[in-house]
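# Summary of structural features
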Amino acid sequence: MYFETFSQMKKQLGQLDKWLEAAAGYAKAKSFDPNVYLISRLAPDQFPFVKQVQIACDAAKLGASRLTGKAAPSNPDTEQTLEELRARVQSTIAYLDTFTGKDFEGAASRVITNPRWEGKVMSGADNFQEHILPNFYFHLTHAYALLRHNGVNLGKLDYLGTLSLRAP
């Protein structure tokens, strides 16, 4: 289950990369600097777009890392352009490509720590259900909403991506 879910996260990050490409195209068509997206917010107390993308990437990358015990690459959160954000997304996808189903064996019972939890821990299963999944989709959806709000022509199929449809 874990491997399959991270495969879906990888797919969604691929969609995010396409949204970033669409945002650059929209900015070019409307003759404005595409990097203005990086500071956009839906609410004054919300993280800006750049942070939404960074956290979505980190949720997938660090989630897989903590569940498997594999070291995750470090990202210093210094992106200042859409192209740099695309590189971040693409590097996260490449990192997720390194995992196999075998890497996640025993993930449910692994003890997970996080510096923000002030010495507390969670089981891998609880962390996956209560933190990794909701955190990833929360920030991914906010990134999508911010681009939509700012005029980028995205729809539900852009969010979902290609479906495995076939004749019965």
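Residues numbered from 1 in each chain as written. Predicted model: local features only at pLDDT ≥ 70, side-chain atom pairs only at ≥ 80, totals over all residues. Heavy atoms only, no water.

### So, the overall build of the protein chain
Across its full length, the protein chain carries five helices and two strands. Scaling as 2.2 N^0.38, a compact globule of 168 residues should have a C-alpha radius of gyration of about 15 Å, and the protein chain matches this with 17 Å. Considered along the principal axes of its C-alpha atoms, the protein chain spans approximately 50 × 50 × 25 Å. Among the 168 residues that make up the protein chain, the fraction classed as buried is 42%. Of the roughly 9200 Å² that the protein chain leaves accessible, carbon and sulfur atoms contribute 56%. Distance between charge centroids for the protein chain: 3 Å, based on 19 positive and 17 negative side chains. (Helix = DSSP H or I, 4+ residues; strand = E, 2+ residues; numbered from the N terminus. Rg over C-alpha atoms; globule rule 2.2 N^0.38 Å. Buried < 20%, exposed > 50% of the residue type's maximum accessible area, 1.4 Å probe, protein only. Areas by Shrake-Rupley, 256 points an atom, 1.4 Å probe, with all protein chains shown as cover. Lys, Arg positive; Asp, Glu negative; His and termini not counted. Charge placed at Lys NZ, Arg CZ, Asp CG, Glu CD.)

### Here's the deal with the packing of helix α1 (residues 2-29) against helix α2 (residues 49-68)
Axis separation between α1 and α2 bottoms out at 11 Å; the angle between their running directions is 160 degrees. It follows from the interaxial angle that α1 and α2 lie roughly antiparallel. At the point where α1 passes α2, the crossing takes the left-handed sense. Across the interface between the two elements, Y2, F6, M9, L13, L16 and L20 from α1 touch F49, V53, C57, A60, G63, A64 and L67 from α2. Its residues placed into classes, the contact of α1 with α2 shows twelve nonpolar, one polar and no charged. (Axes fitted to C-alpha atoms, helices over the stretch in contact; angles between N-to-C directions. Parallel < 35°, antiparallel > 145°, perpendicular 65-115°, else oblique. Left-handed = near helix turned anticlockwise from the far one by under 90°. Contact = heavy atoms within 4.5 Å. Nonpolar A, V, L, I, M, F, W, Y, C, P; charged D, E, K, R; others polar.)

### Digging into unusual backbone geometry
Of note, D77 is a non-glycine position whose phi angle comes to about 60 degrees, a positive value. Checked against the element boundaries, D77 lands in the loop between α2 and α3 (82-96). The phi angle at E118 is positive, at roughly 50 degrees, despite the residue not being glycine. Position of E118 relative to the elements: it lies in the loop between β1 (111-113) and β2 (121-123).

### Here's the deal with the confidence of the model for the protein chain
With 100% of its residues at a pLDDT of 70 or more, the protein chain shows a mean pLDDT of 96. Least confident of the elements in the protein chain is β1, whose mean pLDDT is 94; most confident is α3, at 98. (pLDDT = per-residue confidence, 0-100.)

### Considerations on the pattern of salt bridges
Side chains that differ in sign of charge can pair as their charged atoms come close. Scanning the model with the defined rule gives ten salt bridges in all. With a closest N to O distance of 3.5 Å, K70 and D103 form a salt bridge. Pair noted here: K70 is in the loop between α2 and α3 and D103 is in the loop between α3 and β1, with a separation of 33 residues, a long-range link. Of the charged contacts, one joins K102 and E105 as a salt bridge, the two residues approaching to 3.7 Å between their closest N and O atoms. What you see here is one network of salt bridges that share partners, running through K51, D58, K61, D77, E79 and R88. (Salt bridge = Lys/Arg side-chain N within 4 Å of Asp/Glu carboxyl O.)

### Focus: the packing of aromatic side chains
If you walk through the whole model with that rule in mind, you get twelve aromatic pairs. Between the aromatic rings of F6 and F128, the centroid separation amounts to 6.1 Å while the plane-to-plane angle is 40 degrees, which identifies the pairing as tilted. With F6 in helix α1 and F128 in helix α4 (residues 124-149), this residue pair connects regions lying 122 residues apart in the sequence. For F128, a relative accessible area of 1% puts it in the buried group. Taken together, the aromatic side chains of Y2, F6, Y95, F99, F104 and F128 make up a single cluster linked through ring pairs. For K70, the ring lying beneath its charged end belongs to F99, and the centroid distance is 4.7 Å. (Phe/Tyr/Trp six-rings, centres within 6.5 Å; stacked < 30°, edge-to-face > 60°. Lys NZ or Arg CZ within 6 Å of the ring centre and 35° of its normal.)

### With respect to the packing of α2 against α3
Following both chains from N to C, one finds α2 and α3 inclined at 10 degrees, their axes separated by 10 Å at the closest point. Between α2 and α3, the angle falls in the class roughly parallel. On the side of α2, the interface is formed by F49, V50, V53, Q54, C57, D58, A60, K61, A64 and S65, while α3 contributes L82, L85, R88, V89, T92, Y95 and L96. Taken together, the residues of the contact of α2 with α3 break down into eleven nonpolar, three polar and three charged.

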